[in-house]
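Coordinate analysis (summary)
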Amino acid sequence: MLFIEKIKNKLKKPESMHIDFLPAKFFDSKNWFHQPSLIDLSIENHKIHLQSKTTDSTYVNFWESNSNYSKLEERHNKLILHPQNSIFIEGHTTNSLNYQIYLIEYDEENQQTKKHTIQLNQLQQITPKPTTKAARLAIRIAGEGEMEIRNIFTSPFLPVEKKEKTSIRHLNNLTFAGVLPQSAIISLNAVTEATRLQPDVYEKTLANNVPDFILLEAGELQDGNWGDIHDRTSPIGRLILWCQTSDIPMIVWHKQTAAPYEKLQERLADFKFVLIHDPEIYDAYKQAAGETPIHLIPYTIGAPSIDVFKKHPTVTVLSPRIAEPDTGFEAESATEPTKQPTRSKQLLHIETIPAAANIEIQIEEQLSKGNLVICEKSALKSNIFQNLARTVETETELKQLITDYQHNPDKAADDYRAISRTIRWKHNYRDFMHFITKSLKIEHSTRLPSATIIFSIRTEQEYQNVVRTIEKQTANRVNWILFITPFTGFEQAINHLLAADNIKVYIASFAVKNYSLEQLTKSTYVGVVDSSREYDDFYIEDSINMMYYFRMTSFVDYSIKKNKPVFAQFFLTAKNTHQTLASLLETFVPKEKMK
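Residues numbered from 1 in each chain as written. Predicted model: local features only at pLDDT ≥ 70, side-chain atom pairs only at ≥ 80, totals over all residues. Heavy atoms only, no water.

Observations regarding the packing of helix α11 (residues 429-439) against helix α16 (residues 539-549)
- Direction vectors running N to C along α11 and α16 enclose 55°, while the axes themselves pass 10 Å from each other. By the angle between their axes, α11 is oblique relative to α16. Touching Tyr-429, Arg-430 and His-434 of α11 are Asn-545, Tyr-548 and Tyr-549, all from α16.
- Partitioning the contact of α11 with α16 into residue classes produces three nonpolar, two polar and one charged. (Axes fitted to C-alpha atoms, helices over the stretch in contact; angles between N-to-C directions. Helix = DSSP H or I, 4+ residues; strand = E, 2+ residues; numbered from the N terminus. Parallel < 35°, antiparallel > 145°, perpendicular 65-115°, else oblique. Contact = heavy atoms within 4.5 Å. Nonpolar A, V, L, I, M, F, W, Y, C, P; charged D, E, K, R; others polar.)

Have a look at this one:
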């Protein structure tokens, strides 16, 4: 048998194979050569099983039967190495078996120049000599016993040094990169720091900054420049190998509902876990997941523009047409938005954009611009966006909604604020990143923001405004400080206010002269709010959440509500402890109110 194999080997045309493709041929019994009288070799369920029948040394050769290891002739099959390589072979042996796995280098004259010994279950780094032309693989066995090889990994990279993070103080302490759309990078950078990888320069990017993990967005992988995920030599194949070589976690994020998932399903074992928003796609992944965790999480979307209190949001209708109320005029579809006038004295812009096949992407784009979106309910392929846009079922319903907005722009503003609030509390990138760090077992002491809100009161009317505002606020973790300038009946007001645990009352002139901000509060944020008017239920919640989400150190609200100016300042407490209380308050609380 061995004689026949040798004859065939001499007659066959030699082949060369990059070490990249070694795993693909490794578990094929036709590619292994040995003496059956000395060794039993079988391959089943992607496992190689060797059993030695002799106490003497013997060899098992991969892809080449030649047993002369000092020279590799032209007619012999050859492995081609990269300038740098990593190889990992997983398996085990019985105690009675001694083994050496050799990777042998040969120069241009086919002479052996270097021999590497590969240990099971250890990542071996291999940098060939500059004169190396080819290589071969062989296993030397001595003693009766058994060996099993379950897996082999090869890579054209060497492992990089990385800092193991078990805890972080802030999300911006993370270092991560991803194959992500630019819109996701912009949104992620609002809460942390993310690097977008490009197919042609990703190696240079990663070399400059080793990430804690890699995030792969399924839709972005469809870009032809990244290549086939099953091709180890494509940019995405190389990126996966780079991560595996250095044990960098890879996370699949199936954000776009329309993105195909079949090829990703076939490689789920390579990823740490998968994040999905759509229940149907979640079920499809679960059927093929194996041991890879699959997580169904709330849809993540870029937060709208910072000014959540603006009174005139643009209303974007994603529909082939929109009818002008009362006139019956139907605007033609156009690639450019069609703006329509309103009858209200307050300007409200309404634009019509033809709905695309992938309307979810359109909705997200408009939301990221701070627009209020209206679309047909039947156009949504998933229920994900039900709470992120105003949906209508008939054209009559659409006309009525537009008419309502035109005659009452405050209604459009309120709907816009409600959707913004939903995004920031249920669909935001901050919580998305918290989920990832938790799943990677990176401890992060997430502290929900606390706030102290300061009012200055000098009249009975201002007192009533403040009391009603406090009673209806939805925000949690809020303390209230009231500076009172004596007015008729203020003693009764103070007694009423002091009954609440989270309200402190001070005589304004005394407090400003004798207290610092640091003495009054330890909250994350402080707000100084004018008491000449009453605020709606969500005013404090929206303000503090906006500060927290956008990592703002200060925010001034100059918005107008029912033609009355609202003056309020919110700021990060830690940035203002050095200032006196008087200097912080005088900008928004007139001096005569503090006397």
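Still to come is the rest of the account.
A look at the pattern of salt bridges
- One pass over the full model with this rule turns up 19 salt bridges.
- Here Lys-165 makes a salt bridge to Asp-212, at a shortest N to O gap of 3.1 Å. You can see Lys-165 sitting in the loop between β12 (145-155) and β13 (167-168) and its partner Asp-212 sitting in the loop between α4 (202-208) and β16 (213-217), a full 47 residues away along the chain.
- Relative accessible area serves as the criterion here: at 15%, Asp-212 is assigned to the buried category.
- With a closest N to O distance of 2.7 Å, Arg-417 and Asp-542 form a salt bridge. Here Asp-542 lies in helix α16 and Arg-417 lies in helix α10 (residues 409-426), a separation of 125 residues in the sequence.
- Judged by relative accessible area, which is 7%, Asp-542 ranks as buried.
- Residues joined in a network through salt bridges with shared partners are Arg-417, Arg-421, Asp-536 and Asp-542. (Salt bridge = Lys/Arg side-chain N within 4 Å of Asp/Glu carboxyl O. Buried < 20%, exposed > 50% of the residue type's maximum accessible area, 1.4 Å probe, protein only.)

Thoughts on the nonpolar core
- In this structure, Phe-432, Met-433, Ile-436, Ile-453 and Phe-570 are the most contacted members of the largest nonpolar core, which totals 59 residues.
- Residues in contact with Phe-432, not counting those within four places in the same chain, are Leu-188, Leu-215, Trp-253, Leu-275, Ile-297 and Thr-300. (Core = buried A, V, L, I, M, F, W, Y, C linked by side-chain atoms within 4.5 Å.)

Examining the sheet that holds strand β29 (residues 478-484)
- Read across the open sheet, the six strands follow the order β30-β29-β28-β31-β35-β32; overall the sheet is mixed. Two strands close off the open sheet at either side, each with one partner strand: β30 (503-507) and β32 (554-557). On average, adjacent strands in this sheet sit at an angle of 15° to one another, irrespective of strand direction.
- When β32 meets strand β35 (residues 568-572), the two strands line up antiparallel, connected through four bridges. Pairing of Phe-555 across the sheet is with Phe-570, part of β35. (Pairing = 2+ DSSP bridges.)

A short note on helix α9 (residues 395-407)
- Taking 1.5 Å of rise per residue, 13 residues should cover 18 Å, and α9 covers 18 Å from first to last C-alpha, within 8% of that figure.
- Of the residues making up α9, those classed as buried are Leu-398, Leu-401, Ile-402, Thr-403, Tyr-405 and Gln-406. (Expected span 1.5 Å × (residues − 1).)

What to know about the sheet that holds strand β4 (residues 47-52)
- Strand order across the open sheet formed by five strands is β3-β4-β12-β7-β10, with antiparallel pairing between neighbours. Unpaired on one side and paired on the other, β3 (39-44) and β10 (124-126) mark the two borders of the sheet. If you compare each strand with its neighbour and ignore which way they point, the axes differ by 25° on average.
- Both strand β7 (residues 85-93) and β12 contribute to a ladder of eight bridges, which runs antiparallel. Counted as the bridge partner of Ile-89 is Ile-152 from β12.
- On the sheet, helix α5 (residues 235-245) packs against β7 and β12 and is oriented at approximately 125° with respect to β12.

Some remarks on unusual backbone geometry
- One non-glycine residue, Asn-110, adopts positive backbone phi at about 65°.
- Topologically, Asn-110 is positioned in the loop between β8 (98-107) and β9 (112-118).
- Judged by its relative accessible area of 9%, Asn-110 is buried.
- One non-glycine residue, Lys-441, lies in positive phi territory at about 60°.
- Topologically, Lys-441 is positioned in the loop between α11 and β27 (443-444).
- Look at Lys-441 and you get exposed, because its relative accessible area is 68%.

With respect to the environment of Ile-118
- Looking at the element boundaries, Ile-118 is found in strand β9.
- Judged by relative accessible area, which is 0%, Ile-118 ranks as buried.
- Taking the C-alpha atoms as reference points, Ile-118 and Tyr-102, 16 residues apart in sequence, are found 6.2 Å from one another.

Examining the packing of aromatic side chains
- Within this structure, the stated rule accounts for 22 aromatic pairs.
- Where Phe-455 meets Tyr-535, the ring centres are 6.5 Å apart and the plane angle is 50°; that geometry is what we call tilted. Linking Phe-455 in strand β28 (residues 451-457) with Tyr-535 in the loop between β31 (525-529) and α16, this pair joins segments that are 80 residues apart in sequence.
- Under the relative-accessibility criterion, Phe-455 is labelled buried at 1%.
- Owing to a relative accessible area of 1%, Tyr-535 belongs among the buried residues under this scheme.
- Arranged with centres 6.0 Å apart and planes meeting at 20°, the rings of Phe-555 and Phe-570 form a pair that is stacked. Taken together, the residues Phe-555 in strand β32 and Phe-570 in strand β35 connect sequence positions 15 residues apart.
- The class of Phe-555 is buried, set by a relative accessible area of 10%.
- Overall, the relative accessible area of 0% leaves Phe-570 in the buried class.
- Three or more aromatic residues link up through ring pairs in this structure, and these residues are Phe-455, Trp-480, Tyr-535, Tyr-539, Phe-555 and Phe-570.
- Across the ring face of Phe-538, the terminal group of Arg-421 is positioned such that the distance to the ring centre comes to 3.5 Å. (Phe/Tyr/Trp six-rings, centres within 6.5 Å; stacked < 30°, edge-to-face > 60°. Lys NZ or Arg CZ within 6 Å of the ring centre and 35° of its normal.)

Points about the side chain of Thr-316
- Of note, Thr-316 is situated in strand β20 (residues 315-318).
- Given a relative accessible area of 0%, Thr-316 falls into the buried group.
- At 3.4 Å, the side chain of Thr-316 and the side chain of Asn-371 are in polar contact.
- The residues contacting Thr-316, other than those within four sequence positions of it, are Glu-351, Ile-353, Gln-366, Asn-371, Leu-372, Val-373 and Ile-374. (Polar contact = N/O pair within 3.5 Å; in protein donor to acceptor, adjacent residues only side chain to side chain.)

The values reported here are purely geometric and, on their own, carry no functional implication.
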